[in-house]
Structures are given as C-alpha cells and as structure tokens.
Amino acid sequence: MMQLNSNGLTIGAVAKAVGVNVETIRFYQRKGLLGEPERTQGSFRHYGPGDVARLRFIKSAQGLGFSLDEIAGLLQLDDGMHCDQARELGERKLRDVRTKLDNLRRIESALAEMIRACACSDGSMSCPLIDALHGEVHAP
C-alpha cells in the first residue's frame, strides 16, 4: 500500500504505485489526461490520491482496449451523471472488439489452411505458405 504524507506523492512514488514509468505520467499530462500539480517550495510536484485513482482508471480503460482519445471522453463523463453516454462508448468499443475477433478468426482459419497445405506438400513443389504470402495463392 502506498504511503501518502501531508505533501503528497512524488511522481516516482505515483509511478511505482500505479505500475507505470514516470515518462508515462508525463505523457498523460501532455495529452491532458492528468493534471500537473503546482511545484512546492522544494521545486517538487506532489500528487494526491485522486491522481493515483485517475491513473488507475486510465490503465484499466487501456486494458479494455480503449484508446487514449476514448479514455479522455470517458474521463469527461466520470461524474456519475452520464451513464447513458458512458454505456454508448462501451457499446461502441464492444462492437469494435467483436469486429476484431471476427477478423482474427478469419486470419486463424487462413493460417490453419496454409499450414495444412504445407503438411500435405511432398516437397516436390514450393511451400504453400510462402507462396500464399507472396500472393501467388489467395488465402481463403
């Protein structure tokens, strides 16, 4: 568990708590996903629990396949009052995931067929997989 003192956490401590590197945090700040705290008298920036929670939100959303632009949209809805809009974004992402799965299944099928053709090849002809990748044979 992270320790939060009265001054907050340094960027390094936040990075460690969330499991990202410091440059990732700076990148999110440049993208507008995370605010940049004011510098203290010691010239350090100190982050609070809200910053850690926001970074964890970003990482969770990325884990579900949301892009940074989509995450920015979700963060704008993070007040509990926009559930319908958040659901619409989730539904859109689900459609994207299903489309990608369909495409991956087609790729799997094509590769499996090419590999089967390789296994059937008696060595008297060129490799069916290599030929297909050269475009000499059309994948299913």
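Residues numbered from 1 in each chain as written. Predicted model: local features only at pLDDT ≥ 70, side-chain atom pairs only at ≥ 80, totals over all residues. Heavy atoms only, no water.

Things to note about the packing of helix α1 (residues 11–18) against helix α2 (residues 22–30)
Piece 1. Orientation of α1 relative to α2, taken along the N-to-C sense of each, is 100 degrees, at an axis distance of 8 Å. On the basis of their axis angle, the class for α1 and α2 is roughly perpendicular. Contacts between α1 and α2 involve Ile11, Gly12, Val14 and Ala15 from the former and Val22, Ile25 and Arg26 from the latter.
Piece 2. Counted by class, the contact of α1 with α2 contains 5 nonpolar, 1 polar and 1 charged residues. (Axes fitted to C-alpha atoms, helices over the stretch in contact; angles between N-to-C directions. Helix = DSSP H or I, 4+ residues; strand = E, 2+ residues; numbered from the N terminus. Parallel < 35°, antiparallel > 145°, perpendicular 65-115°, else oblique. Contact = heavy atoms within 4.5 Å. Nonpolar A, V, L, I, M, F, W, Y, C, P; charged D, E, K, R; others polar.)

Points about the pattern of salt bridges
Two side chains that carry opposite charge are able to pair once their charged atoms sit near each other.
Piece 1. Applying the stated criterion across every chain, the model contains 7 salt bridges.
Piece 2. Between Arg26 and Glu23 there is a salt bridge, with the nearest N and O atoms lying 2.8 Å from each other. Of this pair, Arg26 and Glu23 both sit in helix α2, separated by 3 residues, roughly a single helical turn.
Piece 3. Salt-bridge contacts for Arg87 lead to Glu91; the nearest nitrogen and oxygen are separated by 3.2 Å. With a gap of 4 residues between them, Arg87 and Glu91 both fall in helix α5 (residues 83–120), about one helical turn apart.
Piece 4. Arg87 gets classed as partly exposed once you look at its relative accessible area, which sits at 43%.
Piece 5. Put simply, Asp84, Arg87 and Glu91 are held in one network by salt bridges that share partners. (Salt bridge = Lys/Arg side-chain N within 4 Å of Asp/Glu carboxyl O. Buried < 20%, exposed > 50% of the residue type's maximum accessible area, 1.4 Å probe, protein only.)

Side note on the packing of aromatic side chains
Piece 1. A full pass over the atoms with the stated rule returns 1 aromatic pair.
Piece 2. With centroids separated by 6.3 Å and ring planes inclined at 55 degrees, the aromatic side chains of Phe27 and Tyr28 adopt a geometry described as tilted. (Phe/Tyr/Trp six-rings, centres within 6.5 Å; stacked < 30°, edge-to-face > 60°.)

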